[in-house]
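Understanding the architecture of this molecule
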Amino acid sequence: DVKVTQSSRYLVKRTGEKVFLECVQDMDHENMFWYRQDPGLGLRLIYFSYDVKMKEKGDIPEGYSVSREKKERFSLILESASTNQTSMYLCASSHSGGLGNTIYFGEGSWLTVV
Amino acid sequence: GQQLNQSPQSMFIQEGEDVSMNCTSSSIFNTWLWYKQDPGEGPVLLIALYKAGELTSNGRLTAQFGITRKDSFLNISASIPSDVGIYFCAGQLRGSSNTGKLIFGQGTTLQVKP
């Protein structure tokens, strides 16, 4: 079975804190993604990575950075958390190349910034 | 960022009714995917479509890849209470297969009255 694991389901952080959200996949996928989901706005892509140490900005990268040191792990970093970053964060992964790159999601991480 | 136009935004139906939702875009896609998200969980893949005109079923669910490659629909027959959730369409733009990047619709929230 396909497995994308997000390390924390629920976090509460203070404004200004540095926050790390970790994601691991066990399918040897080349591509990994971080989305945030907010009511009425659907899924918005923050960053994605198509190879180790490679990263590209998505639609809303401001206030975030990412790290991909190993193929199976993709970390999302909030350098200085702010209240407008309170949201549900979804990690996902997929194979590269060809047609039909089905994306598989983790269970999500609920972040509250107070 | 680009998004698909998904409709309706929400539906409140009686158990046993059929449901239909669709996604449209001005762009051409080479893959369409339909996901369901249960409350508090990550999206789970329901159906994947890879060819224009393709009609695929998964139990009570049926989805089609539009002939123009710019749209797709999902039907649910004889709805039951566990069909409750948010349904997302997602498409892969022609030429983006290497990164696996998907464009998501804003979701259709389905509620089923027993």
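That block above? That's the structure.
Every value quoted in this text rests on a predicted model; they were computed, and no experiment measured them.

**Some thoughts on the state of the cysteines**
If you walk through the whole model with that rule in mind, you get two disulfides over all chains. Each sulfur of the disulfide joining Cys 23 of chain A and Cys 91 of chain A lies 1.9 Å from the other. Here the disulfide of Cys 23 of chain A and Cys 91 of chain A is left-handed, its torsion about the S-S bond being about -80 degrees. One end of the pair, Cys 23 of chain A, is in strand β3 (residues 19–25); the other, Cys 91 of chain A, is in strand β9 (residues 87–94), and 68 residues separate them in sequence. On the accessibility criterion, Cys 91 of chain A (0% relative accessible area) is buried. At a sulfur-sulfur separation of 1.8 Å, the disulfide partner of Cys 23 of chain B is Cys 89 of chain B. On the sign convention where negative means left-handed, the S-S torsion of about -90 degrees between Cys 23 of chain B and Cys 89 of chain B marks this disulfide as left-handed. Separated by 66 residues along the polypeptide, Cys 23 of chain B in strand β3 (residues 19–24) and Cys 89 of chain B in strand β9 (residues 85–93) bring together distant segments of the chain. Classification of Cys 23 of chain B by relative accessible area gives buried; the value is 0%.

**Details of unusual backbone geometry**
Where the residue is not glycine, phi is negative for most of them; where a peptide bond is considered, it is trans in most cases. All names here are of chain B. Note the cis peptide between Ser 7 and Pro 8, where omega equals -5 degrees. When you line up the elements, Pro 8 lands in the loop between β1 (5–7) and β2 (10–14). Phi is positive for Arg 69, which is not a glycine, with a value near 70 degrees. With respect to the helices, strands and loops of the structure, Arg 69 is situated in the loop between β7 (61–65) and β8 (71–76). Residue class for Arg 69 comes out partly exposed when judged on its relative accessible area of 29%.

Criteria and thresholds
- Residues numbered from 1 in each chain as written.
- Chains lettered and ligands numbered in written order.
- Predicted model: local features only at pLDDT ≥ 70, side-chain atom pairs only at ≥ 80, totals over all residues.
- Heavy atoms only, no water.
- Disulfide = S-S within 2.5 Å.
- Helix = DSSP H or I, 4+ residues; strand = E, 2+ residues; numbered from the N terminus.
- Buried < 20%, exposed > 50% of the residue type's maximum accessible area, 1.4 Å probe, protein only.

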